[in-house]
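Breakdown of the fold
Letter by letter, the chains look like this.
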Amino acid sequence: MGVIVLQLFAVPEGKSGPQVIDILTKRVTSLGGVLSGSFMVDCETYTSVASLGATRSVHLLHNSETPASVFALLEAASGNKTVALVADNLFDLLMLKLSNFYQAKKQTKIESRGPRFEAGDFLVKLGSVTMGPTFKGILVEVEYQACSLPAACWDLIREFMQGFLGGCVPSTPPQYIQNRFGDMLGPIDGINQYLEQFNAFRKTTGIR
Amino acid sequence: MAGNQNPISAIDMLTSALRSNIIPNQEYLLQGSVIDSSAEVLHNRLRGLCDAAETGPETFHDHEMCFSLKASSPGGTPQQQQSFLLRVRRALDHPEYPWQLRYLGQPELGEKNQPTVLRSCIDIACTPNVVEFLSELGCRIEFEYVLKGYLFRKGRMKVTMSKIFRMGQAKSPDSLEAMTGSYLVELSLLAPSGQDAVADEIKVFAEQLRPLVHLEKIDYRRLQSYS
């Protein structure tokens with residue numbers, strides 16, 4: 001497991017989501033990327049019922065890259081802490097059993113899905129984000145699989161990303177990566193970045 | 001999954017697994033106990049009857065915590081409050097193993113001729129921060145104990161012989177205090193729902209142990225009303 005960087009790619013005026021995916025696909029392919037299936041990351045949010053006291057939210061995320069795991073990210077009642085539990089996929093079944101206490105927020109199921117490419121040590125995923133039937137924008141995930149330490153490979157990742165995404169990739173790492181620049185990262189760090197982006201999409205009306 | 005052309009969403013996968021009845025979420029269970037002085041005889045009998053007789057049984061040393069999630073309904077008495085129980089288990093002798101989160105439904109005793117207790121059961125391996133997760137979820141710890149014993153397998157059946165220890169104040173393994181002078185014996189099998197024929201298989205095996213231990217359907221509601 002390497003370092004994952006998730007980047008929002010703003011949809012240019014007058015272009016549709018599939019058109020942008022086509023353009024990016026050509027660019028990734030010309031960089032040596034080979035199409036290797038597709039991917040999906042989805043997120044459903046459950047909130048506690050009133051009789052349970054202070055409101056808490058559980059975000060349940062799945063990633064097709066790690067199909068046997070469920071990521072349950074709980075926003076504590078205090079609001080300033082998130083507990084990230086990684087569990088077997090029967091956790092979904094348990095969540096259904098908890099429906100008297102935690103209920104899925106309607107119309108907020110959000111997912112990013114699209115083609116997946118391998119380019120040497122890099123994994124590139126071009127995701128179209130949809131909430132329900134509505135297209136919300138494009139998220140590009142780049143993973144450098146050969147290293148788990150951002151401090152050791154950020155420059156390489158940045159150069160690779162700028163190669164096909166252009167100027168939208170800043171020279172400084174995203175805040176999430178910056179805060180963990182000297183740490184070993186794992187699958188949960190990719191999931192945390194997806195949740196951050198999904199929450200931002202949910203707050204935005206229209207396309208980002 | 002990575003090579004899959006069209007990944008199926010986890011919820012769709014779960015729904016179709018539920019529909020085709022392939023999730024082993026029903027536990028068939030018989031329980032009994034054997035006094036310490038006779039434990040060795042039962043141990044030897046089980047060793048002879050169960051699989052891997054040469055290597056002997058696996059041992060386990062687990063810590064189990066039971067949590068409850070309660071929603072208070074305004075004006076309701078505590079009995080009217082809904083309560084949801086979840087258990088967390090960790091292997092004290094193998095700290096590197098994943099922790100286990102377990103949901104157990106109400107045991108169904110069924111008709112008199114139903115050979116075993118049946119209860120729904122979901123076992124989920126998870127990361128060690130599950131205790132913090134459950135606390136933040138709103139759960140409160142109800143009780144905890146330590147189990148130490150042997151695990152035998154006979155095909156799909158699982159037989160455990162374990163001693164229950166009270167968790168000392170210091171919560172260190174040295175401060176363990178045995179709760180009784182006997183071993184708890186459990187014979188169980190996890191299967192998808194609708195496979196009731198396995199209950200007979202369990203009953204037949206329990207009969208083979210009958211001279212040494214009586215494995216029965218235990219009615220918890222009855223036990224609670226005695227205490």
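Residues numbered from 1 in each chain as written. Chains lettered and ligands numbered in written order. Predicted model: local features only at pLDDT ≥ 70, side-chain atom pairs only at ≥ 80, totals over all residues. Heavy atoms only, no water.

**Thoughts on the overall build of chain B**
Across its full length, chain B carries five helices and nine strands. Mapped in sequence order, the helices and strands of chain B form the string α-β-α-β-β-β-β-α-β-β-β-β-α-α. Burial status across chain B gives 42% buried among its 227 residues. Taking all contacts inside chain B whose residues are at least 6 apart in sequence as the whole, residues at least 24 apart take part in 66%. Total accessible area on chain B stands at roughly 12500 Å², and carbon and sulfur atoms take up 51% of it. (Helix = DSSP H or I, 4+ residues; strand = E, 2+ residues; numbered from the N terminus. Buried < 20%, exposed > 50% of the residue type's maximum accessible area, 1.4 Å probe, protein only. Contact = heavy atoms within 4.5 Å. Areas by Shrake-Rupley, 256 points an atom, 1.4 Å probe, with all protein chains shown as cover.)

**Looking at the overall build of chain A**
For chain A, the count of helices and strands is five helices and nine strands. Here the C-alpha radius of gyration of chain A, 17 Å, is about what a compact globule of 208 residues would show, namely 17 Å. Each of the three principal axes of chain A carries a C-alpha extent, and together these read 55 × 40 × 30 Å. Looking at chain A residue by residue over its 208 residues, the buried ones come to 53%. A total accessible area of about 8700 Å² is found for chain A, and carbon and sulfur atoms account for 52% of it. Taking the average place of the 18 positive charges on the side chains of chain A and the average place of its 18 negative ones, the gap between the two points comes to 8 Å. (Rg over C-alpha atoms; globule rule 2.2 N^0.38 Å. Lys, Arg positive; Asp, Glu negative; His and termini not counted. Charge placed at Lys NZ, Arg CZ, Asp CG, Glu CD.)

**Re the pattern of salt bridges**
Where charged atoms from two side chains of opposite charge come close, those side chains can pair. All names here are of chain A. On inspection of all chains with the given rule, the structure shows 19 salt bridges over all chains. A salt bridge links Glu65 to Arg116; its shortest N-O distance comes to 2.9 Å. Taken as a pair, Glu65 in the loop between strand E3 (57-63) and strand E4 (69-75) and Arg116 in strand E7 (residues 110-119) lie far apart in primary sequence, 51 residues in all. Residue classification places Arg116 among the buried positions, given a relative accessible area of 4%. (Salt bridge = Lys/Arg side-chain N within 4 Å of Asp/Glu carboxyl O.)

**Overview of the environment of Ser175 of chain B**
In this fold, Ser175 of chain B is placed in the loop between strand E7 (157-166) and strand E8 (177-178). Expressed as a C-alpha distance, the spacing of Ser175 of chain B and Asn129 of chain B, which sit 46 residues apart in the sequence, is 24 Å.

**Re helix H3 (residues 130-137) of chain B**
All names here are of chain B. For H3, the full list of buried residues reads Val130, Phe133, Leu134, Glu136 and Leu137. Along H3, the residues classed as buried sweep out an arc of 165° about the axis, all on the same side. Gly138 occupies a position one or two residues after H3 and carries a positive phi of about 115°. (Arc of directions from axis to C-beta.)

**Things to note about the interface of chain A and chain B**
If you look at the interface, chain A gives 39 residues, while chain B gives 38 residues. Taken together, both faces of the contact between chain A and chain B bury some 3400 Å²; the carbon and sulfur share is 69%. Across the contact surface, chain A and chain B share two salt bridges. When the shortest N-O distance is used, the salt bridge between Lys81 of chain A and Glu136 of chain B registers 3.0 Å. Elements with a contribution of two residues or more to the side of chain A that touches chain B: strand E2 (34-48), E3, E4, strand E5 (82-88), helix H2 (91-97) and E7 of chain A. (Buried area = accessible area lost by both parts, 1.4 Å probe.)

**Details of the pairing of E5 of chain A**
Residue and element names in this part refer to chain A. Bridging between E4 and E5 involves seven bridges; their strand directions are antiparallel. If you follow Glu75 over to E5, its bridge partner there is Thr82. In this structure, the hairpin formed by E4 and E5 is closed by a connection of six residues, where Gly79 is found at a positive phi of approximately 85°. (Pairing = 2+ DSSP bridges.)

**Observations regarding the domain arrangement of chain A**
Many structure descriptions define interface size as the accessible area lost when the parts assemble. All names here are of chain A. According to the domain assignment, chain A contains domain 1 (3-40 + 110-202) and domain 2 (41-104). Taken together, the contacts link 18 residues of domain 1 with 16 residues of domain 2. Interface area for domain 1 against domain 2, summed over the two sides, is near 1400 Å², with a carbon-plus-sulfur share of 61%. Our count for the contact surface shared by domain 1 and domain 2 stands at two salt bridges. Put simply, domain 1 and domain 2 have six residue pairs in polar contact (both at pLDDT 80 or more) between them. Secondary-structure elements contributing two or more residues to the side of domain 1 that touches domain 2 are E2, E7, strand E8 (122-131) and helix H5 (187-203). Take the side of domain 1 that touches domain 2: its biggest share by element is nine residues, from H5. (Domains from an automatic or database assignment. Polar contact = N/O pair within 3.5 Å; in protein donor to acceptor, adjacent residues only side chain to side chain.)

**Comments concerning the confidence of the model for chain B**
Summing up the model confidence of chain B, the mean pLDDT is 88 and the portion of residues at 70 or higher is 89%. Across the whole predicted complex the pTM is 0.91, and at the interface the ipTM reaches 0.92. (pLDDT = per-residue confidence, 0-100.)

**Structural notes on the pairing of E3 of chain A**
Residues and elements named next belong to chain A. Most of E3 is tucked away, with seven of its seven residues classed as buried. Burial along E3 is two-sided: Ser57, His59, Leu61 and Asn63 facing one way and Val58, Leu60 and His62 facing the other are all buried. Inspection of the sheet shows E2 paired to E3 by seven bridges, in the antiparallel sense. By the bridge assignment, Thr47 is partnered in E3 with Ser57. Looking at chain direction, E3 and E4 are connected through five bridges and run antiparallel.

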